[in-house]
Number of protein chains: 2
Amino acid sequence: MPPSSPSLDSFDLAILAILQRDNTTPQRLIGEAVNLSAPAVQRRIKRMEQTGVVAGNVAIIEPAAVGQPITIFVEVELESERTELIDAAKRQFSQTPEVQQCYYVTGEADFILVITVADMGAYEALTRKLFFGSNNVRKFRTFVAMDRVKVGLTVPLPD
Amino acid sequence: MPPSSPSLDSFDLAILAILQRDNTTPQRLIGEAVNLSAPAVQRRIKRMEQTGVVAGNVAIIEPAAVGQPITIFVEVELESERTELIDAAKRQFSQTPEVQQCYYVTGEADFILVITVADMGAYEALTRKLFFGSNNVRKFRTFVAMDRVKVGLTVPLPD
DNA sequence: TATCCCGATGAAACAAACTTGCGTTTCGCA
DNA sequence: TGCGAAACGCAAGTTTGTTTCATCGGGATA
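Bear in mind that the values here come from a model prediction, so they are computed numbers and not experimental data. (Residues numbered from 1 in each chain as written. Chains lettered and ligands numbered in written order. Predicted model: local features only at pLDDT ≥ 70, side-chain atom pairs only at ≥ 80, totals over all residues. Heavy atoms only, no water.)

K.L.:
Would you explain the relation of the copies chain A and chain B in this entry?
P.N.:
Each of the two chain copies can be generated from the other by rotation about an axis followed by a shift along it. With an axial shift of 0.0 Å and an RMSD of 0.0 Å, the rotation relating chain A to chain B amounts to 180 degrees. Each copy turns onto its partner about a two-fold axis. In terms of proximity to the rotation axis, the leading residue of chain A is A:Val58, whose C-alpha is 2.9 Å off the axis. (Least-squares fit on C-alpha atoms with pLDDT ≥ 70 in both.)

In structure tokens:
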């Protein structure tokens, strides 16, 4: 459980705006941009990492470059919404590497998945494993991405 | 346009696996993990960044910590699929900060959006701007995320 | 088979960035 | 007015990133 965050001031937000665009930016440059010394920047970053405001620092890999050029969305509807079955589904989706993102949602579906695969054959095999293999999936709808218009985990920051 | 990548060997893939989990890992440690010297690691990373295999280095921000606790999926169906209108929609979605991800897809919808907002009021306002404001949106379906089961841009890497 | 060339490597030197300690300032509150 | 907590900047120390350079194969060619 992340420690509660004591709320962020405008310095923190300005720092976050930079880091979520490029976290290799030197603290010195960040400092110049926000009018703070490098150590001050460093302390704030450290605090936000410890409190969970910054959830991670990662390199973004181009899927096509590593043989996973196809992105697919799937809406999954379950037969039963018993808690244990929901949890079992969450667990299975989480453990599947091809499932890049998984959300439990309200509405006409129960889950929405973002899946990354090498080709449609791989997707077909995955559906067999994840959906047909489970007798708790009532149905699922597939959307193949023709264009990844905007991709990222960037969050809009308040002013 | 990213320069073509000459294909990656097992060293590159091992390095990528580490970086997409934590890109603050020192090159020295990466070197130990993959049996390479730090300079060798550094050259490979640099090359992969230049060829576009590594598309970015970013901090992941917890949306709830910056006042955007609600994640919403939207399937958007357009009235017309004329190229210019598609492109106009792509442009508008790309420019909207609350639209974190946008995909142009095949199937029963034209676009799938991942949206981040502070509350349902903000979402309602956004729908007015993006969908009702445009007379090219035939309909849209909303899915509110109750649980962000798995989030990230991690790509499965070949062995 | 010998030779040349190319690309990648590791060791070491170097530069840059990160991190810590410390004295000072600021600000809220008694 | 005085006290304490929190944050600051500076400067020193440490770690990390980067460049240089000599060397090591692997392949193509003669």
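K.L.:
Got a minute to help me understand the protein's contact with DNA strand C in this structure?
P.N.:
Around DNA strand C, the surrounding shell holds 13 residues, and the nearest of these are A:Gln27, A:Arg28, A:Gln42, B:Ser37 and B:Arg44. For DNA strand C, the backbone portion of the atoms within 4 Å of the protein, that is sugar and phosphate, comes to 63%. The side chain of B:Arg43 places a nitrogen or oxygen atom 3.3 Å from a base nitrogen of DNA strand C. Here B:Arg44 contributes a side-chain N or O atom positioned 2.6 Å from a phosphate oxygen of DNA strand C. Those elements that place two or more of their residues in the surface near DNA strand C are α2 (27-34) and α3 (38-50) of chain A together with α3 (38-50) of chain B. Across the surface near DNA strand C, the residue classes break down as 5 nonpolar, 3 polar and 5 charged. (Near = heavy atom within 4 Å. Polar contact = N/O pair within 3.5 Å; in protein donor to acceptor, adjacent residues only side chain to side chain. Helix = DSSP H or I, 4+ residues; strand = E, 2+ residues; numbered from the N terminus. Nonpolar A, V, L, I, M, F, W, Y, C, P; charged D, E, K, R; others polar.)

K.L.:
Looking at this model, I keep getting lost on the protein's contact with DNA strand D. Mind explaining?
P.N.:
Lining the immediate surroundings of DNA strand D are 13 residues, of which A:Ser37, A:Arg44, B:Gln27, B:Arg28 and B:Gln42 lie closest. In DNA strand D, the atoms that sit within 4 Å of the protein are 69% sugar and phosphate, with bases accounting for the remainder. Contact distances for DNA strand D include 2.7 Å between a phosphate oxygen and a side-chain N or O atom of A:Arg44. The contact in question runs from a phosphate oxygen of DNA strand D to an N or O atom on the backbone of B:Gln27, over 2.8 Å. Elements with a contribution of two residues or more to the surface near DNA strand D: α3 of chain A together with α2 (27-34) and α3 of chain B. Classifying every residue of the surface near DNA strand D gives 5 nonpolar, 3 polar and 5 charged.

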